[in-house]
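Topology and contacts: notes
Residues per chain are reported as follows:
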Amino acid sequence: MIVLGIETSCDDTGVAVYSSEKGLLSNVVSSQVSLHSQWGGVYPDLAAREHTKNILPVLDTALKEADISLKDVDGIAITVAPGLIVSLVVGISGAKGLSWATGKPLIPVHHIEAHIFAIFIEKEIPFPFLSLVVSGGHTEMYLVKGFGEYIYLGGTLDDAVGEAYDKVARMLGLGYPGGPVIDKLAKEGEEVIKFPRPLVGEKGKNRFNFSFSGLKSAVLRAVETGKYKKEDIAKSFQEAVVDTLVSKSLDALRETGVNRIVVAGGVSANSRLRERFNEVAEREGIQVYFPPMYLCTDNGGMVAYTGYRRFRELGQTMDYRFEGKARLRMDRFAQLLKG
Ligand code: KG4
Ligand code: ZN
């Protein structure tokens, strides 16, 4: 089976071709980073305009690189939620048009689900597993019992982790996206400030929830004193973030009795997060999985693959009236499709 995957939920236009026999045949991403860097974040109207401009050239390149034409495709997978609604609708409208013109089924994909299952393109992981999704727009933890069977454990009450990275980078004048720059700069710094580890050790309703806005404000206050070197602030901030993510994941692993975790989303590219998770995994006897770097940030490959599984395992497609949704939890999305 050959599935075309389209991703336009935020600022990257991604189109890819996945073959169940041969794997990823192409995975083309047109990034808008240089455009948004002047704003220090994603500017929705600009993002939507760029998707409109790029989607067909990216599709064309993806088909050429895969050496196929549209008629060879068996299904069209599209990210329908969550994301910036103005960005989502560009991809959804494009995919609907392609489906209508070719008669190929349209397969809905949830962005978080695509991040989690990206790693399966290279490696099969046994169920059940815990998943921590950390990106520019999301910070969520789920128990994944099978494909399409998700239990929500918790998420951020305010900023997403990647968003906190991007905002801290802006405070330090480091540009956008902030994650990779802070990751690199932190290697030269020391943890001179012990920033708070938000909601760590919580036992009540926030046990598996996250909150990064207080940490962000604490960093801002430190920056404003003018006393600290940028690399030390970067290191101190990153240690607080990584500590928080690792501790809360460990707590969730113990509570659910699961010994495997998939860490996904743009922030899963972070070198310190990988290092700490690997250390803990060895000590605690758990298995930790990260997607390969090229599948961490937004791309069409993860959408094509996840769409392929949704169609093959659950036979689910969407009709032309299906709308994109800016907010929709992954467990609720799976329920909605079951009907
Ligand atoms: O998954 P993604 O491409 O888009 C969303 O779905 O949001 O994630 C982008 C986010 C950005 O906030 C970026 O700063 C962050 O991932 N990121 C990183 C690293 N690489 C990307 N954060 C920390 N360390 C990194 N190495
Ligand atoms: Zn993403």
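Further up the page is the structure itself.
Residues numbered from 1 in each chain as written. Chains lettered and ligands numbered in written order. Predicted model: local features only at pLDDT ≥ 70, side-chain atom pairs only at ≥ 80, totals over all residues. Heavy atoms only, no water.

Looking along the chain, the bond that leaves alanine 81 and enters proline 82 is cis, with omega of -20°. By secondary structure assignment, the location of proline 82 is in the loop between strand 4 (75-81) and helix 3 (85-102). Cis geometry is found at the peptide bond from tyrosine 176 to proline 177, where omega equals -5°. Secondary-structure assignment places proline 177 in the loop between helix 5 (161-171) and helix 6 (178-186). Of note in this structure, aspartate 67 is not a glycine but carries a positive phi near 60°. Aspartate 67 sits in the exposed class, given a relative accessible area of 70%. (Helix = DSSP H or I, 4+ residues; strand = E, 2+ residues; numbered from the N terminus. Buried < 20%, exposed > 50% of the residue type's maximum accessible area, 1.4 Å probe, protein only.)

Contact geometry of helix 7 (residues 213-225) with helix 8 (residues 230-256) gives a least axis separation of 11 Å together with a crossing angle of 165°. Our classification of the angle between helix 7 and helix 8 gives roughly antiparallel. Considering the relative orientation of helix 7 and helix 8, their crossing is right-handed. On helix 8, the residues that touch Leu215, Val219, Ala222 and Val223 of helix 7 are Ile233, Phe237, Ala240 and Val241. (Axes fitted to C-alpha atoms, helices over the stretch in contact; angles between N-to-C directions. Parallel < 35°, antiparallel > 145°, perpendicular 65-115°, else oblique. Left-handed = near helix turned anticlockwise from the far one by under 90°. Contact = heavy atoms within 4.5 Å.)

In this structure, Leu132, Phe195, Phe237, Leu245, Val263 and Phe277 are the most contacted members of the largest nonpolar core, which totals 45 residues. At the level of secondary structure, the elements contributing two or more residues to this core comprise strand 6 (129-134), strand 7 (139-146), helix 5, helix 6, helix 7, helix 8, strand 9 (260-264) and helix 9 (271-284). Top contributing element to this core by residue count: helix 8, with 11 residues. The residues contacting phenylalanine 195, other than those within four sequence positions of it, are Leu215, Ala218, Val219, Ala222, Ile233, Ser236, Phe237 and Ala240. Counting residues in hydrophobic clusters, the runner-up holds 30 residues, among them Ala118, Val133, Tyr289 and Ala334. (Core = buried A, V, L, I, M, F, W, Y, C linked by side-chain atoms within 4.5 Å.)

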